[in-house]
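Summary of structural features
Listed below, chain by chain, are the residues.
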Amino acid sequence: AGKAYDAAADPCRAAQCPSYYGHTYRQTGSRSVSATASWQVTFTVDGGAATAIPGTVAGPTAQTPVVVKQARAVLVPNPGDR
């Protein structure tokens, strides 16, 4: 989901960008970021109706350290809900 980040053609200069998945950090410093991809599958036979295979398949989780060099304050409707 989403799209690859392209620093040269980045159209978004705001804290939150609607076309990208991301996270706004509120403090600078070292962090660890992880991601896990998962898949749900449907199939068709000879153009028939789509049939879902029950369940979800999760791939391995990847983790990497990052250093947040800039943090932005973001106003939210109710910070207690986050």
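Residues numbered from 1 in each chain as written. Predicted model: local features only at pLDDT ≥ 70, side-chain atom pairs only at ≥ 80, totals over all residues. Heavy atoms only, no water.

**Concerning the overall build of the protein chain**
Which entries qualify depends on this criterion: Strands are runs of DSSP state E lasting at least 2 residues, helices are runs of H or I lasting at least 4, and numbering of each runs from the N terminus. Accessible area is worked out with a 1.4 Å probe on protein chains only. A residue is then buried under 20% of its type maximum, exposed over 50%, and partly exposed in between. We call two residues contacting when some pair of their heavy atoms lies within 4.5 Å.
What the protein chain contains, in helices and strands, is 0 helices and 2 strands. Split into buried and exposed, the 82 residues of the protein chain put 9% on the buried side. Sequence-distant contacts in the protein chain: of pairs separated by 6 or more residues, those separated by 24 or more amount to 55%.

**Brief notes about the environment of T64**
Mapping T64 onto the fold places it in strand β2 (residues 51–68). With relative accessibility at 40%, the residue T64 sits in the partly exposed group. The contacts of T64, once residues within four sequence positions are left out, are R31, S32 and V33.

**Concerning a nonpolar patch on the surface**
Applied cut-off: Residues with no salt bridge and a relative accessible area higher than 30% make up the patches, which join like charges within 9 Å and nonpolar side chains (Val, Leu, Ile, Met, Phe, Trp, Tyr) within 5 Å. Exposure was quantified through the Shrake-Rupley algorithm and a 1.4 Å probe, taking into account, for residues, occlusion by the shown protein chains and nothing else. Salt bridges are defined as contacts in which a side-chain nitrogen from Lys or Arg sits within 4 Å of a carboxyl oxygen from Asp or Glu.
There is a patch of nonpolar side chains on the surface, built from W39, V41, F43, V45, I53 and V57 and spanning about 570 Å² of accessible area. The topology assignment puts W39 in strand β1 (residues 29–43).

**Considering the environment of G55**
Take G55: it is sitting in strand β2. Along the sequence, G55 and W39 sit 16 residues apart, while their C-alpha atoms lie 8.9 Å from each other. Among residues more than four places away in sequence, those in contact with G55 are W39 and Q40.

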